[in-house]
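Here's the letter readout for the chains.
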Amino acid sequence: MKIAYVVSGGDAPGINAALFHFARHSARLGNTVLGVQGGFPGLLEEKFQSFGVSDLLPWAAMPGSILASSRVPVLAQEDAREKLADVLRRHAIDALVVFGGDGTLKHIPPLLASWGVACIGIPTTIDNDVPGSDYTLGFDSACNFALPIIDGIRATGAALGGRIFTLETLGGYSGFLALEIARAVGADAVALPEYDCDIPLICDRLRWTAENKGQALLVYTEGVKNKEALLAAIPERTGIRIRSTMLGHAQRGGTPTARDRGFAAQAALAGHNALHHGMMMGMTVVQKGEFVLHEGTLDGFEPRKPDLILYDKINRMANG
Ligand code: F6P
C-alpha cells in the first residue's frame, strides 16, 4: 500500500511523533511512505519526500512538523481538484493520512473517496475545537507550555506583591486552551471568546485578590470579545497597572507531552489497521473519554464549547 502524509492548517506538537509511529507500522506491514511538503498546494506540485523510521526517530520528540503545512485553501478551485485526482492516480497513491482541523477533515475525505483513495484524518490543532472529537493532537502540549511561564510570573509576583498579571493564550476564537490553563494553575479570572465577559466583575476580583492574596492572575484567549476594553478597564477600575505576558506562537512549539505522543501512537496504530481492513474514511478521535476510530467524516457534529460551569466557577468562586 502507498500512503501519503499531508499536514494542513496550524501545526501542533505531536505531528512528528505521529509520523514516526505511522512509519513504524508501515515498515512492519511493508507499506510505502510518502511525505508531502507544503500541505495540499505541495501535493498539487508533487513535492514528495520518502522517509523511514530511522529518518524520523530524531524528530519524533520535536514540536512543529517536518512536513511543512499550508493554510492556502487551494482545493476550493475545481481545476485544482481535478489536478489532485491526476497527481494521486499517477503516483498510484492508495491512501492519504491528513493532519488538520475541522474544515480539512470535513471536505477532503469525501473528495478522496470519490476517486477511490482512502483517508485517515487526525484532528490536529492546539485549539481542541474540532466537532466530533473531545481531543485534538497538540492541545495538551500547548497547555503544558504555559505552566512554567505562569510559575515564573507567580515567583516574581510573590517577591513584589500587590500586582495584577495577565496571560494571553493562543486559541483564536476558541477558549479551550485558556480555560484548561486557568483551571490548572488556579487563575483568579478567565476570559474566553465563547462567553460574554463581565468586565466590572473581573476587575473587582482581580483588585480584591491582588490586595488580599498578594497577586492576581487573569488568563484570557487572544480572540476574546472586547479584549481592548477589558485590558483598559483593569487599571482604570483597580488603580493597579497590569503586567502582561503573551504566549504568542511560541505556544504552538511546546514539547509534545506524553498525552500527545500517546494520542499520536494510538492514531497511527488504529489508522493503519483501518486502512488494512479496507476502510475508506476514518477519523482518529476521542469520544466520551475513549480513543475511537470513527468511520466516515466528522460532518454533522455540534460545535464544541468550553465548559460553561467551569468558566463560571473560576470567575465567581467566593474570594478568600
Ligand atoms: O492552529 C490554531 C492556531 O494556533 C490558533 O490558536 C491561532 O489563533 C492561529 O492558529 C494562529 O494562526 P497563524 O499561525 O496563521 O497566525
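Quantities reported herein were computed from a predicted structural model and do not represent experimental measurements.

K.L.:
Is there a simple way to explain the packing of helix α8 (residues 199–213) against helix α9 (residues 227–238) in this structure?
P.N.:
Relative placement of two packed helices is described by the angle separating their axes and the distance separating the axes. With their axes 9 Å apart at the nearest point, α8 and α9 run at an angle of 50 degrees to one another. Judged on the interaxial angle alone, α9 and α8 are oblique. Both α8 and α9 take part in a crossing whose hand is right-handed. Of α9, the residues touching α8 (which contributes I199, P200, I202, C203, D204, L206 and R207) are A229, L230, A233, I234, R237 and T238. Looking at the contact of α8 with α9 residue by residue, the class counts come to nine nonpolar, one polar and three charged.

K.L.:
Which parts of the structure should I look at to understand the environment of F165?
P.N.:
Of note, F165 is situated in strand β6 (residues 163–169). For F165 and I309, which are 144 residues apart along the polypeptide, the C-alpha to C-alpha distance reads 24 Å. Excluding residues that lie within four positions of it along the chain, F165 makes contacts with I153, T156, G157, Q215, A216, L217, L218 and R243.

K.L.:
Would you mind going over helix α5 (residues 102–114) with me for this structure?
P.N.:
Every α-helix winds through 3.6 residues per turn, so residues three or four apart in the chain are directed the same way. Within α5 the residues assigned to the buried category are T104, L105, I108, P109, L111 and L112. Directly beyond the C-terminal end of α5, a positive phi value near 80 degrees is found at G116.

K.L.:
I would appreciate a short explanation of the side chain of S70 in the present structure.
P.N.:
Within the fold, S70 resides in the loop between α3 (53–56) and α4 (78–90). Judged by relative accessible area, which is 14%, S70 ranks as buried. In terms of polar contacts, S70 uses its side chain to reach the backbone amide nitrogen of V72, at 3.0 Å. In this structure S70 touches V7, S8, G9, G38, G39 and P41, once residues within four positions along its chain are discounted.

K.L.:
Looking at this structure, I do not really get the sheet that holds strand β1 (residues 2–7). What am I missing?
P.N.:
The strands making up a sheet associate through backbone hydrogen bonding, with each pair oriented either parallel or antiparallel. The strand order across the open sheet built from seven strands is β3-β2-β1-β4-β5-β10-β11, with neighbouring strands paired in mixed fashion. Looking at the sheet topology across the chains shown, the edges are occupied by β3 (48–50) and β11 (290–295). Strand-to-strand twist across the sheet, computed as the mean angle between neighbouring axes with direction ignored, equals 25 degrees. Pairing analysis gives four bridges linking β1 to strand β2 (residues 32–36), with the strands arranged parallel. Note that in β2 the partner of A4 across the bridge is L34. Most of the contacts of helix α1 (residues 15–29) go to β1, to which it runs at about 180 degrees, and overall it touches β1, β2, β4 (95–100) and β5 (118–123).

K.L.:
Any chance you could explain helix α11 (residues 308–316) here in plain terms?
P.N.:
Along α11, the residues classified as buried are L310, Y311, I314 and N315. Along the axis of α11, the buried residues cluster in a sector spanning 125 degrees; they form a single face. Across from the buried face of α11, at angles greater than 90 degrees, the exposed residues are I309, K313 and R316. Those residues of α11 that are buried are in contact with α7 (176–185), β7 (189–191) and α8.

K.L.:
Got a minute to help me understand the sheet that holds β7 in this structure?
P.N.:
Here we have four strands laid out as an open sheet, ordered β7-β8-β6-β9, and parallel in their pairing. At either margin of the open sheet sits one strand with a lone partner, and together these are β7 and β9 (242–246). With direction set aside, neighbouring strand axes in the sheet form an average angle of 20 degrees. Lying on the sheet, α7 is in contact with β6, β7 and β8 (215–221); it crosses β8 at an angle near 160 degrees. Along the sheet, α8 contacts β6, β7 and β8; its crossing angle with β8, the most-contacted strand, is approximately 145 degrees.

K.L.:
Mind showing me how you'd approach the environment of V97 here?
P.N.:
Note that V97 resides in strand β4. Between the C-alpha atom of V97 and that of H272, which follows or precedes it by 175 residues, the distance is 9.5 Å. Apart from the residues lying within four places of it in its own chain, the contact partners of V97 are I3, A4, Y5, V6, F22, I120 and I122.

K.L.:
When you look at the packing of α7 against α11 in this model, what are you seeing that I'm missing?
P.N.:
Remark: α7 packs on α11, axes separated minimally by 11 Å, with the N-to-C direction vectors making an angle of 50 degrees. Looking at the two axes, α7 sits oblique to α11. In the crossing of α7 with α11, the sense of the turn from one axis to the other is left-handed. Two secondary-structure elements touch here, α7 through L179, A182 and R183 and α11 through L310, Y311 and I314. A breakdown of the residues in the contact of α7 with α11 according to their chemical character gives five nonpolar, no polar and one charged.

Procedures and definitions
- Think of each chain on its own: its residues are numbered from 1, step by step along the sequence as written.
- Whole-chain, interface and lining totals are the exception, using all residues; otherwise, since this is a predicted model, local features are given only for residues with pLDDT of at least 70 and side-chain atom pairs are given and counted only at 80 or more.
- Each side-chain value is worked out from all heavy atoms of the structure, with water and hydrogens disregarded.
- Convention adopted: a line fitted to C-alpha atoms gives each axis, helices being fitted over their contacting stretch, and angles between N-to-C directions are expressed from 0 to 180 degrees.
- Secondary structure elements are defined from DSSP: runs of H or I of at least 4 residues count as helices, runs of E of at least 2 residues count as strands, and each element is numbered from the N terminus.
- Angular relationships are summarised with four words: roughly parallel below 35 degrees, roughly antiparallel beyond 145, roughly perpendicular across 65 to 115, and oblique for the angles in between.
- Note: crossing handedness is left-handed where the near helix turns anticlockwise from the far helix by less than a right angle, and right-handed where it turns clockwise.
- In this analysis, two residues are considered to be in contact whenever any of their non-hydrogen atoms come within 4.5 Å of each other.
- The residue classification treats Ala, Val, Leu, Ile, Met, Phe, Trp, Tyr, Cys and Pro as nonpolar and Asp, Glu, Lys and Arg as charged. All others, Gly included, are polar.
- Type-normalised accessible area, obtained with a 1.4 Å probe on protein chains alone, sets the label of each residue: buried when under 20%, exposed when over 50%, and partly exposed for intermediate values.
- We call two N or O atoms a polar contact when they sit within 3.5 Å, provided that within protein one can donate a hydrogen and the other can accept it, with sequence-adjacent residues counted only if both atoms are side-chain atoms.
- Only strands that DSSP links by at least two bridges are regarded as paired with each other.
- Within this analysis, the arc is defined by the directions that extend from the helix axis to the C-beta atoms.

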